[in-house]
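Here is what each chain is made of, one letter per residue.
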Amino acid sequence: MPGVSTARIGSCEPEAASAVSTHFAFLLLRSSSSLDLCAALDVLNEANQFDQTPRYSWSLFSEDGNAVLTSNGLSMNVDGPMMPVSRRDTVIVLGGKEYVEASTLPVLAWLRSVSRKGSRIGAVGSAVFTLAKAGVLLNEPVAAHWVYRGAIAETCPDLDLEQNIFCIGKKSLTCAGGAATLDMMLQLIAENSGSSIANWVADRLVCGSVRTGQEEQSVAEFLHTGKRNTKLASAIRLMQSNLEEPIPVQEIALSVGISVRQLERLFKALLSTSPKAFYRKLRLEHARRLLHQTALPIIEISIASGFSSQSHFSRLYRRHFGVSPHQDAAISLGNRSRNL
């Protein structure tokens, strides 16, 4: 039998998650990520190679049954259009940059029917937005990529959104996407087939360190500095968690255990800016994502981004992005219309 690594994925017997299906149905939405799809399929395929036992099978769907042009330009053939699935199947939806337009009424209706049937349902990357809009993610923690968190929170404010790279529940699976897709699929293999097979697959795919899902997503702006500082990371996480109701810099400094002067020096040294300016940038970028990803009125976007005055928000927005919120909204709408 092939060698087995036990250093990464903890002991997990198949009986621990008998609800996990051995058949996966993947719904590819418009501009889906080929990385997410290949990561998922390669894990399943390698698991079947462990002792030449076909433990897993899969099928690929698109809304209309036609090939899907992925985000990197690859054309991905599918097995057919959306069709009924077994209650024992696990359905995973993959999304891309056009996830708002891809969340069509037929797609939402199909997802609701899958959920009513009792099938386990999941989403990777921007497709979490689609599942949230369909209303099939309630009552379980949800992992969402930080880029899409704002749009998802505004669409479904009752969701329990987590910073984790993925969340595996009894009825749902959600994943930030990218490299985390590989981690989530390996965890599913561990739960369904045991940690020995999961670790063997990880070895085959040269995964030196498999994440369990408890890890939080990295703060992208912080990592761009090329340095790590736990105080800075904690301060940025506080800012990201309080975009709608900004908290004073003094309170942030107190929460991370340093003085305001030390916090200012930290931001200046590692990010070449002040805490106040960085916080404002986070809120403006959050506002722009909401403007591009939702149909919310600009006054509501202003409030949701921590700006009580719309005129003040518009001035800061124009200064930061070079266009007013109304102009940016018109440009975004025009781009979406051309892509339809």
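Report follows, based on the coordinates. (Residues numbered from 1 in each chain as written. Predicted model: local features only at pLDDT ≥ 70, side-chain atom pairs only at ≥ 80, totals over all residues. Heavy atoms only, no water.)

**Section: the pairing of strand E2 (residues 57-62)**
Formally: The pairing criterion is simple: DSSP has to find at least two bridges between the two strands. Only DSSP runs of H or I with at least four residues qualify as helices, and only runs of E with at least two residues qualify as strands; both kinds are numbered from the N terminus onward. By definition, the crossover connecting two strands over a helix is right-handed if that path, from the first strand to the second, turns clockwise as seen with the strands pointing away from the viewer.
When strand E1 (residues 23-28) meets E2, the two strands line up parallel, connected through five bridges. Looking across to E2, one finds that phenylalanine 24 is bridged to tryptophan 58. Crossover E1 to E2 through helix H1 (residues 34-49) is right-handed. Note: E2 against strand E5 (residues 80-81), two bridges, orientation parallel. Within E5, the position partnered with serine 62 by the bridge is proline 81.

**Considerations on unusual backbone geometry**
Heads up, the condition is: Buried residues are those whose accessible area, probed at 1.4 Å on protein chains only, stays under 20% of the maximum for their type, while exposed residues exceed 50% and partly exposed ones sit between those limits.
Phi angles above zero are rare outside glycine, and serine 31 is one such case at about 60°. Within the fold, serine 31 resides in the loop between E1 and H1. The class of serine 31 is buried, set by a relative accessible area of 4%. A positive phi angle, close to 55°, is found at valine 206, a residue other than glycine. Within the secondary structure, valine 206 is located in the loop between helix H7 (195-204) and helix H8 (220-223). Using a relative accessible area of 71% as the deciding quantity, one classes valine 206 as exposed.

**Side note on the sheet that holds strand E7 (residues 120-124)**
To be explicit about the condition: Whether two residues are in contact is decided by their heavy atoms: any pair within 4.5 Å suffices. Fitted lines through C-alpha atoms give the axes, limited to the stretch in contact for helices. The angle between two N-to-C directions lies from 0 to 180 degrees.
On the basis of which strands lie adjacent, the open sheet formed by seven strands has the order E5-E2-E1-E6-E7-E11-E10 and mixed pairing. Since the sheet does not close on itself, it has two edges, and those belong to E5 and strand E10 (166-168), each with one partner. Bridge analysis of E1 against strand E6 (residues 90-94) gives five bridges, and the strand direction is parallel. When the bridges of E6 are listed, alanine 25 appears paired with valine 91. Lying over the sheet, helix H4 (residues 127-134) contacts E6, E7 and strand E11 (172-175), oriented at roughly 135° with respect to E7.

**Structural notes on helix H14 (residues 310-321)**
Worth spelling out the cut-off: A helix is expected to span 1.5 Å for every residue after the first.
With twelve residues, H14 should reach 16 Å at 1.5 Å per residue; the first-to-last C-alpha distance of 16 Å fits that figure. When H14 is considered as a whole, its buried residues turn out to be Phe313, Ser314, Leu316 and Tyr317. At the exit of H14 stands glycine 322, carrying a positive phi of roughly 85°.

**Quick look at the nonpolar core**
To keep things clear, this is the line we draw: Throughout, nonpolar core names a set of buried Ala, Val, Leu, Ile, Met, Phe, Trp, Tyr and Cys residues whose side chains join them through atoms within 4.5 Å.
Core analysis: the biggest nonpolar cluster contains 36 residues, and Phe24, Phe26, Leu28, Leu37, Ile92, Met185 and Ile189 have the highest contact counts within it. Residue assignment for this core shows that the elements contributing at least two residues are E1, H1, E6, E11, helix H6 (179-193) and H7. Broken down by element, this core gets its largest block of residues, seven residues, from H6. For phenylalanine 26, the contacting residues outside a window of four places in its chain are Leu37, Ala40, Leu41, Leu44, Trp58, Ser59, Leu60, Phe61, Ile92 and Leu94. The next biggest cluster of nonpolar side chains, apart from the first, holds 33 residues, and it includes Ala132, Val142, Ala151 and Leu161.

**Regarding the packing of aromatic side chains**
This is how it is decided: Stacked, tilted and edge-to-face are the three classes applied to pairs of Phe, Tyr and Trp rings, where Trp contributes its six-membered ring and a pair requires centres within 6.5 Å; stacked means planes under 30 degrees apart, edge-to-face means over 60, and tilted covers the rest.
Considering all chains together, one arrives at ten aromatic pairs under this definition. A ring pair is formed by tyrosine 99 and phenylalanine 129, whose centres lie 5.1 Å apart and whose planes are at 70°; its orientation type is edge-to-face. Within this pair, whereas tyrosine 99 is found in helix H2 (residues 99-102), its partner phenylalanine 129 is found in helix H4, the two being separated by 30 residues in sequence. Each member of the pair, tyrosine 99 as well as phenylalanine 129, carries the same accessibility label: buried. Measuring from ring centre to ring centre gives 5.0 Å for tyrosine 99 and tyrosine 148, while their planes differ by 75°; the resulting arrangement is edge-to-face.

**Concerning the pattern of salt bridges**
Cut-off, in case you're wondering: One side-chain nitrogen of Lys or Arg within 4 Å of one carboxyl oxygen of Asp or Glu is enough to make a salt bridge.
Counted according to the given criterion, the structure contains five salt bridges. Arginine 204 is the partner of glutamate 46 in a salt bridge, and the nearest nitrogen-oxygen pair spans 2.9 Å. Of the two residues, glutamate 46 sits in helix H1 while arginine 204 sits in helix H7, which places them 158 residues apart along the sequence. Classification of glutamate 46 as buried rests on a relative accessible area of 14%.

**Looking at the environment of methionine 76**
Within the fold, methionine 76 resides in strand E4 (residues 75-76). Since its relative accessible area comes to 18%, methionine 76 is described here as buried. Expressed as a C-alpha distance, the spacing of methionine 76 and serine 32, which sit 44 residues apart in the sequence, is 9.4 Å. In this structure, methionine 76 is in contact with Leu28, Ser34, Leu37, Ala67, Val68 and Thr70, ignoring residues within four places of it in sequence.

**Details of H7**
Of all the ten residues making up H7, seven are buried; the element is thus mostly covered by neighbouring parts of the structure. Looking only at H7, the buried set comprises Ser195, Ile197, Ala198, Asn199, Trp200, Val201 and Ala202. Its buried side turned inward, H7 meets H1 and H6. A positive phi of about 55° marks valine 206, the residue just after H7.

**Looking at a negative patch on the surface**
Where we set the bar: Think of a patch as exposed residues, more than 30% relative accessible area, with no salt bridge, where like charges cluster within 9 Å and nonpolar side chains (Val, Leu, Ile, Met, Phe, Trp, Tyr) cluster within 5 Å. Here, Shrake-Rupley sampling with a 1.4 Å probe gives the accessible areas, and only protein chains in the shown set may cover a residue. When charges are tallied, Lys and Arg are placed among the positive residues and Asp and Glu among the negative ones, while His and the ends of the chain are skipped. By convention, charge coordinates are those of NZ in Lys, CZ in Arg, CG in Asp, or CD in Glu.
A cluster of like negative charges, contributed by Glu154, Glu244, Glu245 and Glu300, occupies part of the molecular surface. Within the fold, glutamate 245 resides in the loop between helix H9 (230-241) and helix H10 (249-256).

Shape descriptors only; they carry no functional weight alone.
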